[in-house]
Amino acid sequence: MSNSERLNPLYGVSIGATIYAATGKFNTSVVAAPISLMISQEETQKSMSGESSYVFSDQMNQGSFGMSGAYGVSGVSLLKSSLSAYVGASSAVSSKSVTVNYNAMAVGGVEYINFEELTASSFIAGLNLACRQSIIAVLDAYNEVMKAASKSGQDPLSVFRSDDPQSEALKKLVTDWIAKSEKFTREFGDGLVVGVTWGAFGWVKMVMTAESESKSWKYGGQADFSYANTFASVAVKATYDGGQSSGDAKVSVHCTHDSSGSVIGPQIDKWFDQVANKSFGELADVKVMDKAPDMKITQGAPSIPEFVKPKPGNDIASKVGEIKDLDGLNALAKASAYDKARKENPNLTLDEFLRQADQPADKKKLDEFAEKVEESDIDTLIPPRKKKPKEQQPDEEFGSLATNSDTGFLTNEAFALNENAKAGKEVSTKGYVPLGVWISNWPDLFPWMAQGYYNSIDDIEGEEAVQLRVMLQDYQALSRLYYIANSSGITEIKRKDPSKPGVTTLSIAGAFANAAGKMQADGVNFAKAQEIYHSLGEADRAIYALWNKVSFLRNCELGLGLIKDGKSIGSPIAGSDADSRQGYTLSTCSFEGRNYTAFSPFYKVLPLLTPDGDIWAFGPQQGGLSSIYDKEVVFSKPGRARYLEFEYDKENKILSSNAHGIKLYPIPFSAAENVAWKGMSFSTNVGAINSLNESLKSLSDQLSRLNAWSFSSANWDKSWSGADAYRQRNIKKQYVGLIDEIRNIF
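The numbers attached to residues start from 1 for each chain and follow its sequence in the written order. Predicted model: local features are reported for residues with pLDDT of at least 70 only, side-chain atom pairs are reported and counted for 80 or more only, and whole-chain, interface and lining totals are derived from all residues. Note that water and hydrogens are dropped before the side-chain values are worked out from all heavy atoms of the structure.

Enquirer: Lay out the pattern of salt bridges with the relevant residues and their values.
Expert: Salt bridge, as used here, is a side-chain nitrogen of Lys or Arg placed within 4 Å of a carboxyl oxygen of Asp or Glu. This model, assessed by the stated rule, comprises 23 salt bridges. Here K147 and E322 are joined by a salt bridge, their closest N and O atoms 3.6 Å apart. Of the two residues, K147 is situated in helix α4 (residues 129-152) and E322 in the loop between α10 (314-321) and α11 (329-344); the sequence distance between them amounts to 175 residues. What makes K147 partly exposed here is its relative accessible area of 45%. Close ionic contact of D351 with R161 constitutes a salt bridge, the shortest N to O distance being 2.9 Å. Placement of D351 in helix α12 (residues 350-357) and of R161 in the loop between α4 and α5 (165-188) is noted, with a sequence separation of 190 residues between them. Under the scheme applied here, a residue whose accessible area is under 20% of the maximum for its type counts as buried, over 50% as exposed, and between as partly exposed, the area being computed with a 1.4 Å probe on protein chains only. R161 sits in the partly exposed class, given a relative accessible area of 48%. Three or more residues are tied together by salt bridges with common partners; here these are R495, K500, E538 and D612. A run of H or I in DSSP counts as a helix once it spans at least four residues, and a run of E counts as a strand once it spans at least two, with each numbered from the N terminus.

Written as structure tokens, this is what we have:
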């Protein structure tokens with residue numbers, strides 16, 4: 001398992017951790033008092049991931065664990081979070097071995113802030129000194145604005161339309177409130193972790209390698225392919241080569257195991273003992289998932305101190321108590337949003353802003369991008385689109401600054417906090433790791449931090465991450481493709497220009513495998529990816545450029561289905577000269593353009609791109625497609641026979657040879673669902689990451705219900721006062737986790 005797979009992006013996060021929407025980075029907890037409760041929960045999940053050409057599930061060829069959910073304060077940051085979770089965190093290997101990870105995850109408990117026993121004053125008292133001081137600074141500025149607005153009878157928003165002295169005085173107070181709110185966000189991020197799912201996860205990793213290199217890359221034309229759900233159990237030999245190998249096949253097996261969260265360690269050790277130090281013959285028919293012991297966490301939930309309601313100092317209580325209602329909150333939220341908008345467009349008037357804010361959120365670019373992702377139509381060789389200049393975003397340095405006070409003395413609130421912190425016993429999450437977190441934006445916890453959020457998608461932030469992921473998958477697919485071609489007897493590709501030397505499929509495969517390895521190094525960005533591309537040889541670059549141009553070839557997930565006059569590739573014809581050519585019958589196929597399941601019993605072919613820009617087809621096991629007749633199709637190894645050349649149709653997403661009446665259709669993974677499918681998988685692309693596509697669709701649906709700007713004030717009842725306790729279900733939350741959200745908590 002790669003380092004990126006080992007990494008839990010939530011590691012170290014706890015109740016009260018803060019998060020910056022711009023970077024997705026968490027910071028240490030600002031909660032200093034025992035204000036949370038723990039619900040003991042027991043839930044376990046097992047899944048299979050890794051690399052296999054004969055098994056597909058949502059997690060196969062994607063890495064061990066993907067992220068569920070996303071966090072953001074705007075349409076753009078939500079999109080960026082989605083792409084980072086589902087694309088950036090994905091990992092795959094480039095190896096001649098078959099690597100399968102058998103994963104287990106267990107939930108021990110859910111911790112959450114006990115909001116319904118807290119008021120705004122007592123909640124503030126439960127936070128650390130630095131955070132508390134900054135919150136009070138924003139509150140003081142808010143109260144000053146409300147006092148001045150009440151005295152003058154002016155709306156805090158209307159002052160941006162006038163330059164008279166009275167308006168200027170109120171405008172100065174509003175500007176000061178905005179500045180203090182922005183300072184708070186720079187220091188303490190955009191949101192607070194208000195709930196954590198605690199648990200542990202572990203895995204058993206199995207690496208299977210054929211002793212013969214040719215056996216590593218054989219074409220599985222009639223192998224059994226399994227379309228499995230994420231939690232299905234599949235026999236070892238099925239994941240290795242679709243059950244083609246017998247138990248005595250010369251395949252070495254190496255197993256390892258590990259865990260994150262020691263409370264699941266004994267079960268993972270026991271699971272590992274079921275497969276360790278055994279031969280392929282002993283494991284061939286074993287369904288490893290079924291051998292897993294009970295993964296429940298036996299020691300219960302993590303221990304936390306008993307809840308103690310913090311006691312706010314008189315100054316905190318009196319300042320919060322000044323808020324008798326929230327009549328002016330909407331105006332301040334819009335003022336904050338208008339200030340943000342003017343940083344992008346200094347000439348924007350208030351009235352124009354308000355008109356724009358009421359327009360539906362513009363999601364055209366999101367929908368166009370989502371369509372490209374679904375079709376894997378991502379151009380990896382052009383730079384990601386330039387982003388508009390943005391206000392400088394907080395960097396990680398703010399994380400270390402956020403917990404430091406700049407006053408140098410203790411206030412009454414600090415002494416109150418020290419008393420609060422003494423209550424209860426020490427938190428003990430030893431052996432547990434966070435598996436999911438719920439996050440609330442600060443303005444949804446403290447109304448005086450009102451903000452506006454821009455929902456339209458003007459730029460696709462995170463596009464580069466998708467390009468890098470696609471490029472990695474491209475190199476892996478092409479490496480596999482040319483290794484299989486070599487094993488099928490197509491060992492060399494001659495050039496049309498006699499002055500250029502021929503290239504071997506083995507060298508092409510090696511070049512792309514090397515590039516795939518480089519793409520998985522730390523710190524690879526678009527510029528570095530282009531360096532990797534340009535380090536390829538001339539022939540390799542030409543092949544990749546054509547592959548990138550004919551992007552629908554990425555969708556050959558189960559190969560290409562051949563159709564000629566309503567027929568496809570049937571059984572081999574006896575009597576063929578197996579050393580140089582093999583004929584196959586053309587048998588009636590019911591394919592009508594969309595019913596890809598019709599290709600189930602037939603042989604499929606793979607595309608082969610040449611450095612001179614030609615596209616051939618090869619397979620099942622005897623070289624390239626060289627001739628076709630009414631009842632027979634012939635595959636030949638290199639020699640006198642010329643391979644048929646295919647044109648590409650980007651609109652209809654097919655390859656065709658009009659001269660021979662042939663059409664080749666890319667077959668998606670879904671064709672193998674619930675049927676006995678013969679063949680192997682060829683490529684896994686971003687279009688096949690169901691969770692990513694569902695996330696983009698969900699975001700589009702969410703934005704379709706929003707205006708261009710939304711305001712945190714909408715989440716508060718105007719009659720709210722500082723004496724009111726929170727209502728848990730009224731506090732907006734966003735979820736991010738290694739497991740799907742447990743929806744019965746909030």
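From this point on, the discussion continues.
Enquirer: I'd love a proper account of the environment of N595, names of residues and values included.
Expert: Structurally, the position occupied by N595 is in the loop between β16 (581-588) and β17 (606-609). Between the C-alpha atoms of N595 and I667, which are 72 residues apart in sequence, the distance is 9.7 Å.

Enquirer: How would you summarise the pairing of strand β18 (residues 615-618) if you had to cite specific residues and measurements?
Expert: Across the two faces of β18 the burial is the same, with I615 and A617 and W616 and F618 all buried. In the sheet, β17 pairs with β18 via four bridges, with the strands oriented antiparallel. In the strand pairing of β18, L606 is matched with F618. Any two strands with at least two DSSP bridges between them are considered paired. The hairpin turn running from β17 into β18, its antiparallel successor, is five residues long, and G613 in that turn takes a positive phi close to 90°.

Enquirer: I'd like a description of the sheet that holds strand β14 (residues 560-563), backed by residues and values.
Expert: As summarised here, the arrangement of the four strands in space is β14-β23-β22-β21, forming an open sheet in which the pairing is antiparallel. Only two strands of the sheet have a single partner each, and these edge strands are β14 and β21 (647-649). Here the average twist between neighbouring strands, direction ignored, is 25°. Sheet topology places β21 next to strand β22 (residues 654-657); three bridges connect them, and they run antiparallel. The residue of β22 that forms the bridge with Y648 is L655. Lines are fitted to the C-alpha atoms to define the axes, a helix being fitted only along its stretch in contact, and any angle between axes, read from their N-to-C directions, falls within 0 to 180 degrees.

Enquirer: Just give me the short version of the nonpolar core, but keep the residues and values in it.
Expert: Nonpolar core, defined: a set of buried Ala, Val, Leu, Ile, Met, Phe, Trp, Tyr and Cys residues in which side-chain atoms within 4.5 Å join the residues together. Counting residues in hydrophobic clusters, the biggest one holds 120 residues, and the most contacted among them are F123, I135, F353, W442, F446 and W448. Per-element tally for this core: the top contributor is strand β7 (residues 191-210), with eleven residues. Setting aside residues up to four positions removed in sequence, W442 forms contacts with T18, V30, L127, C131, I135, F184, F188, G189, D190, G191, L192 and M449. In this structure, A477, Y533, A539 and V633 belong to the second largest nonpolar core, which totals 61 residues. Any two residues whose heavy atoms approach within 4.5 Å at even a single point are treated as in contact.

Enquirer: I'd like a description of the environment of V605, backed by residues and values.
Expert: Summarising the element assignment, V605 is placed in the loop between β16 and β17. Relative accessible area serves as the criterion here: at 0%, V605 is assigned to the buried category. Sequence separation of V605 and A617 is twelve residues, and the distance between their C-alpha atoms is 6.1 Å.

Enquirer: Break down the packing of aromatic side chains for me, citing the residues and quoting the values.
Expert: Classification of ring pairs uses Phe, Tyr and Trp, with its six-membered ring standing for Trp, and accepts pairs whose centres are within 6.5 Å; under 30 degrees between planes counts as stacked, over 60 as edge-to-face, and the remaining range as tilted. Throughout the structure, instances matching the rule amount to 25 aromatic pairs. Summarising the aromatic geometry, the rings of F446 and W448 are spaced 5.2 Å apart at their centres and angled 35° between planes, so their arrangement reads as tilted. The two residues F446 and W448 agree in class, both being buried. Criterion for a charge above a ring: Arg CZ or Lys NZ at most 6 Å from the ring centre, at most 35 degrees from the ring normal. If you follow K604 out to its NZ or CZ, it ends over the ring of W677, 4.3 Å from the centre.

Enquirer: Can you break down the packing of helix α17 (residues 505-519) against helix α19 (residues 538-549) residue by residue, with the values?
Expert: Two elements in contact, α17 and α19, have axes separated by 10 Å at closest approach and are oriented at 70°. In terms of axis orientation, α17 runs roughly perpendicular to α19. For the pair α17 and α19, contact is made by I508, A511 and F512 and by D540, I543 and Y544, respectively. When residue character is reported, Ala, Val, Leu, Ile, Met, Phe, Trp, Tyr, Cys and Pro are called nonpolar, Asp, Glu, Lys and Arg charged, and the others, Gly included, polar. The class makeup of the residues in the contact of α17 with α19 is five nonpolar, no polar and one charged. Oblique is the label for every angle not falling under 35 degrees (roughly parallel), over 145 degrees (roughly antiparallel), or within 65 to 115 degrees (roughly perpendicular).

Enquirer: Please set out helix α13 (residues 364-374) residue by residue, giving values where relevant.
Expert: By the burial criterion, the buried members of α13 are L366, F369, A370 and V373. Buried positions in α13, seen along its axis, are confined to an arc of 105° and lie on one side of it. Of the exposed residues in α13, those oriented more than 90 degrees away from the buried face are K364 and E371. The positive-phi residue at the C-terminal boundary of α13 is S376, with phi of around 55°. Starting at the helix axis, one direction is taken to each C-beta atom, and the arc is that of these directions.

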